[in-house]
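Structural features, examined
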Amino acid sequence: MIPSFNADGNLPAGIHWAEWSEITTRFGTNSHRARLLEGLYKALITLKQAGCTTVFIDGSFVTKKHYPQDFDACWDLSNVNPELLEPTLLDFSQGRAAQKAKYLGELFPAQIFADQNQTTFLDLFQTDKDTGKRKGIIAISLETLSL
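A brief look at the structure comes next.

Rules used in this analysis
- Residues numbered from 1 in each chain as written.
- Predicted model: local features only at pLDDT ≥ 70, side-chain atom pairs only at ≥ 80, totals over all residues.
- Heavy atoms only, no water.
- Core = buried A, V, L, I, M, F, W, Y, C linked by side-chain atoms within 4.5 Å.
- Buried < 20%, exposed > 50% of the residue type's maximum accessible area, 1.4 Å probe, protein only.
- Helix = DSSP H or I, 4+ residues; strand = E, 2+ residues; numbered from the N terminus.
- Contact = heavy atoms within 4.5 Å.
- Salt bridge = Lys/Arg side-chain N within 4 Å of Asp/Glu carboxyl O.
- Polar contact = N/O pair within 3.5 Å; in protein donor to acceptor, adjacent residues only side chain to side chain.
- Pairing = 2+ DSSP bridges.
- Axes fitted to C-alpha atoms, helices over the stretch in contact; angles between N-to-C directions.
- Arc of directions from axis to C-beta.

Digging into the nonpolar core
For soluble globular proteins, nonpolar side chains are generally found buried alongside one another. Counting residues in hydrophobic clusters, the biggest one holds 32 residues, and the most contacted among them are Ile23, Leu47, Val55, Ile57, Leu107, Ile138 and Ile140. The dominant element in this core, judged by the number of residues it contributes, is helix α2 (residues 31-49), at 7 residues. Not counting residues within four places of it along the chain, the set of residues in contact with Ile140 comprises Trp17, Ala18, Glu19, Trp20, Ile23, Leu44, Thr53, Thr54, Val55, Ile57 and Leu145. Formed by 8 residues, the second largest nonpolar core is a distinct cluster that contains Ala110, Phe121, Phe125 and Ala139.

Structure representation (C-alpha cells):
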C-alpha cells in the first residue's frame, strides 16, 4: 500500500512497492495526471518487452502536487536485453527531449551514476533536491504488468 504524504508533501522515506492499479488510483487524480500515466505505462511496457523487471517512479508526480510537469523514473538494468531496448530510453540529449516527447517523462538506468559523487539514480531519487531530506519513491514489478 502506498503510504500517505508527509508534511513536506512527499512520500515517507523508503521504496514503496505498488501494483499498477494502485498507482493509477493514487496518482491519476485529474486529466493531466492521467495523461502522464498513459506515457508512463507506454514506457513500462517498452521496458518490460526488453526484459526489465523493476521500475522506480519519482519526481513531483509521486508528491501531492496537483499538476506535476512530468514523471521521473529509473529502471533496473538487471535482465534487460540491450538489443531489445528502445533507443529513446538511452537518449539523454537535449534535456531528454525525445523521452519527454514519447513518454511524457524522463527515464534513467537505476544503477548508473547521476552525478560526479557517484550517486546512482536510484539513490538520487530518494533525496528531496530542495531540502536534502530522504523521501519515498514508488517501485513497480513489471512482472505483474499486463501487456
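More follows now that the structure is in view.
Looking at the pattern of salt bridges
Counted under the stated rule, the structure contains 4 salt bridges. Between Lys133 and Asp8 there is a salt bridge; the shortest N-O distance is 3.3 Å. Note that Lys133 is positioned in the loop between α4 (121-124) and β5 (136-141) and Asp8 in the segment before β1 (14-17), a separation of 125 residues in sequence. Judged by its relative accessible area of 41%, Asp8 falls in the partly exposed class. Ionic pairing is found between Arg96 and Glu106, a salt bridge with its closest N-O pair at 2.2 Å. One end of the pair, Arg96, is in the loop between β3 (71-75) and α3 (97-103); the other, Glu106, is in strand β4 (residues 105-109), and 10 residues separate them in sequence.

Some words on the environment of Pro87
Mapped onto the elements, Pro87 comes out in the loop between β3 and α3. The class of Pro87 is exposed, set by a relative accessible area of 61%. Along the primary structure Pro87 and Phe61 are separated by 26 residues, whereas in three dimensions their C-alpha atoms are 24 Å apart.

Observations regarding the pairing of β4
Counted residue by residue, β4 has 5 buried out of 5 residues, so it is predominantly covered. Burial along β4 is two-sided: the face carrying Gly105, Leu107 and Pro109 and the face carrying Glu106 and Phe108 are both buried.

Some points on unusual backbone geometry
Unlike most non-glycine residues, Arg96 shows phi in positive territory, near 65°. On the accessibility criterion, Arg96 (23% relative accessible area) is partly exposed.

Let's talk about the side chain of Asn30
Considering the arrangement of structural elements, one finds Asn30 in the loop between α1 (20-27) and α2. Within polar-contact distance, the side chain of Asn30 engages the backbone nitrogen of Arg33 at 2.7 Å.

Remarks on the sheet that holds β3
With mixed pairing, the 5 strands of this open sheet are ordered in space as β1-β5-β2-β3-β4. If you trace the sheet from one side to the other, it starts and ends with β1 and β4, each paired once. Averaged over neighbouring strand pairs, the angle between their axes works out to 30° when direction is ignored. Strand direction decides the pairing type here: strand β2 (residues 54-58) and β3, joined by 4 bridges, are antiparallel. Residue pairing across strands places Phe56 opposite Cys74, the latter belonging to β3. The strands that α1 touches are β1, β2 and β5; relative to β5, the one it contacts most, it runs at about 140°.

Section: α1
For α1, the set of buried residues is Trp20, Ile23 and Phe27. In a view along the axis of α1, the buried residues occupy a sector of 60°, so they form one face of it. Lining the buried residues of α1 we find α2, β2 and β5.

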